[in-house]
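# Observations on chain architecture
Listed here are the chains, written in short residue letters.
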Amino acid sequence: MAKKRFAMLGAGFWSRFQLAAWRELGGVECVAVCDRVRRKAEERAEEFGVPRAYEDPEELLRREQVDFLDVVTSPETHAELVLLAAERKIPVICQKPMALSLAEAGRMVSACREGQVPFFVHENWRWQTPIRGLKRVLDEGRIGRPFRARITMVSGFPVFINQPFLKELEEFVLTDVGTHVLDVARFLFGEADQLSCQIQRVHADIKGEDVATVMMKMQTGTTVVCELGYAENFLERDRFPETFVFVEAERGSAELAPDFWVRVTTQDGTHARRVPPPRYAWADPAYAVVQSSIVACHANLLAALRGEGQAETTGEEIDFAIVDQKTFTGEYENINKSFAHGALAWGYDGIEFTPDPLHVPDPATFEHALQSTGAIMPVVNTGRVFAQGLALLHADAAVRRKSIDAFKDILSFAGHFQARVGLGAARGAGIPGASREEMDRLADEIFRELAAHAEKAGAIIMLEPADPGVTSFINTVEEAMAWVDRIGSPAFSVMLDTYQLTEAEPSIEHGIRAARGQARHIHFYDPSRWPPGVRAEKDRLDWPLIMRLLREEGFHGSGSVVLAPEGDPEPAARQAAAYLRRLLSG
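First, a word on scope: everything that follows refers to the structure included in this document.

## Points about the overall build of the protein chain
Summing up its helical and strand segments, the protein chain has 19 helices and 22 strands in all. Here the C-alpha radius of gyration of the protein chain, 26 Å, is about what a compact globule of 586 residues would show, namely 25 Å. With the principal axes as the frame, the protein chain shows a C-alpha extent of 80 × 60 × 50 Å. When each of the 586 residues of the protein chain is scored for burial, the buried share is 56%. The long-range fraction of contacts in the protein chain, counting pairs at least 24 apart against all pairs at least 6 apart in sequence, stands at 72%. If you average the places of the 65 positive and of the 84 negative side-chain charges in the protein chain, the two averages end up 3 Å apart.

Rendered as structure tokens:
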């Protein structure tokens, strides 16, 4: 098998250990190092025998043929570099933390998802040998179901000596080691349902917090407390950078103790086993447990790059709870800036926009409005096509052509944002008197024309099945998936709507599974017309079941809710966002 060629972006403190860890694995070759300080890139390249050094990543990509990028830069640069990789269709590995904000992370994920670019997050802490040893104990079930756990990473180690830039972080300990420890909590105990945090600043000469205590209720019911500290004080039991874990469970307890001892206590007594990290000549003995874990992390990511397995840590997340925008008229710059601000304030990641198909806004102006808020727009709704009296499948050929052209304008607009475009009511209610063969022939021509335009524009069409009260053509998810297979375009997919799943499918489960994991978006729409979780007594749908089914099917898309049908939309919008996020965690 040919070696995977890669470039490393960033030549700071951790790049030395990243490159050394890659060198432990066969089948990879670093062909270039890039850093905005060219001297640092040249020094690191010389140290590891890498042939070329650059200071401009765009120049590097113009000159080098690489199979993936390894981003080892500071967090504020991650989004720019991941988006560059997505634009060039190059798989990318990004250091933690992914980004400085949820909106920024969302844009990175969306860009890689739409470009079908593998996006991995380098999170090596969970790959420490003693932590994997504790995980095996929990998975074996010897101590039963954990009900409480404590994860401690507290040290008096003078961390600022090696990494003085950490003093300038506005959020320090949660960004630096907190990202690792919280991922260990996820790795050992699943996702969090509730979270609270207290922070303190002990050092007087730093900008961020150096002490943090995080308490979480996990989806399994386990309470997990994470203790983080770099106060540079004196501790009797300081074994930096070891992580200690204590787990209480129904039939016993387990502990990851100092010096890599895993201790398991049941009715049979306490059994202890030492699980030390592997030793590498290039690893600093004081950091060995951390630095050696980079090799195992690399091995997992390399296997995924080769198509030989799945990466444990990727950028793919379910971007649910994106508010479904009502129809607005007027100046898009002011209206959408205000609405996006509101969406973020209410707990959402961005908006689903419904433009007037006959007056599609200028994408640059719209983009400015979004960027000023940090909101994302992964989906464009085409519901107003039908509202304007248009229909892709209309008896009048002139109306069909006008509808197709209007839909193309929306695709071009959406492509500017690499957004997905719903195709639901826009296809029309059906042509009276037309045979199924005639409808299929027209649909085939139109869908192929639109898919070709979407591919050029950089957008993705999502065919939405609808209940018979909306259209007589494509009512079930199975019918929609048959068209996805028939068109066979990477720009032609499917979306779901919970109202349709209720009205047109044998069951919600049947409809979700019929999508075969290919759905890219879902409308959370309760027949009561209230957002999910706001008025439980009016909810007709089993939202926890829907979330569970989506997770089981590997859904990696976005989701949106409609605003409350009456009164001030803000309280209901906030409550729905919180409710959906709790379900996503569980």
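## Remarks on the sheet that holds strand β7 (residues 146–154)
Hydrogen bonding along the main chain pairs the strands of a sheet, whether they run parallel or antiparallel. One open sheet accounts for 8 strands, arranged β8-β9-β10-β7-β11-β12-β13-β14; its pairing is mixed. The sheet is open, and its two borders are formed by β8 (192–200) and β14 (269–274), each paired with just one other strand. Strand-to-strand twist across the sheet, computed as the mean angle between neighbouring axes with direction ignored, equals 10 degrees. Across 5 bridges, the pairing between strand β11 (residues 244–249) and strand β12 (residues 252–257) is antiparallel. The residue of β12 that forms the bridge with F246 is E255. Its contacts with the sheet put helix α6 (residues 129–140) on β7, β11, β12, β13 (261–266) and β14, and the angle it makes with β12 is roughly 170 degrees. Helix-sheet contacts for helix α7 (residues 173–189) involve β7, β8, β9 (211–218), β10 (223–229) and β11, and the interaxial angle to β10 is about 155 degrees.

## What about the packing of helix α1 (residues 15–23) against helix α2 (residues 38–48)?
In the contact formed by α1 and α2, the axes pass within 11 Å of each other and the chain directions differ by 30 degrees. Here α1 is positioned roughly parallel relative to α2, judged by the angle of their axes. Viewed along their axes, α1 and α2 form a crossing whose handedness is right-handed. When α1 is examined against α2, the residues S15, R16, L19, A20 and R23 are found in contact with a partner set consisting of R44, E47 and F48.

## Re the pattern of salt bridges
Pairing between side chains of opposite charge can happen when the charged atoms of each approach one another. The tally for this structure, following the rule as stated, stands at 37 salt bridges. One salt bridge in this structure joins D259 and R239, with 3.2 Å as the shortest N-O distance. With D259 in the loop between β12 and β13 and R239 in the loop between β10 and β11, this residue pair connects regions lying 20 residues apart in the sequence. Taking the relative accessible area as the measure of exposure, R239 reaches 33% and is therefore partly exposed.

## Examining the environment of A459
Within the secondary structure, A459 is located in the loop between α14 (436–457) and β19 (460–463). Placed 40 residues apart in sequence, A459 and A419 show a C-alpha to C-alpha distance of 5.6 Å. Each residue touching A459, except ones within four places of it in the same chain, is listed here: L411, A414, G415, A419, A454 and A491.

Rules used in this analysis
Residues numbered from 1 in each chain as written. Predicted model: local features only at pLDDT ≥ 70, side-chain atom pairs only at ≥ 80, totals over all residues. Heavy atoms only, no water. Helix = DSSP H or I, 4+ residues; strand = E, 2+ residues; numbered from the N terminus. Rg over C-alpha atoms; globule rule 2.2 N^0.38 Å. Buried < 20%, exposed > 50% of the residue type's maximum accessible area, 1.4 Å probe, protein only. Contact = heavy atoms within 4.5 Å. Lys, Arg positive; Asp, Glu negative; His and termini not counted. Charge placed at Lys NZ, Arg CZ, Asp CG, Glu CD. Pairing = 2+ DSSP bridges. Axes fitted to C-alpha atoms, helices over the stretch in contact; angles between N-to-C directions. Parallel < 35°, antiparallel > 145°, perpendicular 65-115°, else oblique. Left-handed = near helix turned anticlockwise from the far one by under 90°. Salt bridge = Lys/Arg side-chain N within 4 Å of Asp/Glu carboxyl O.

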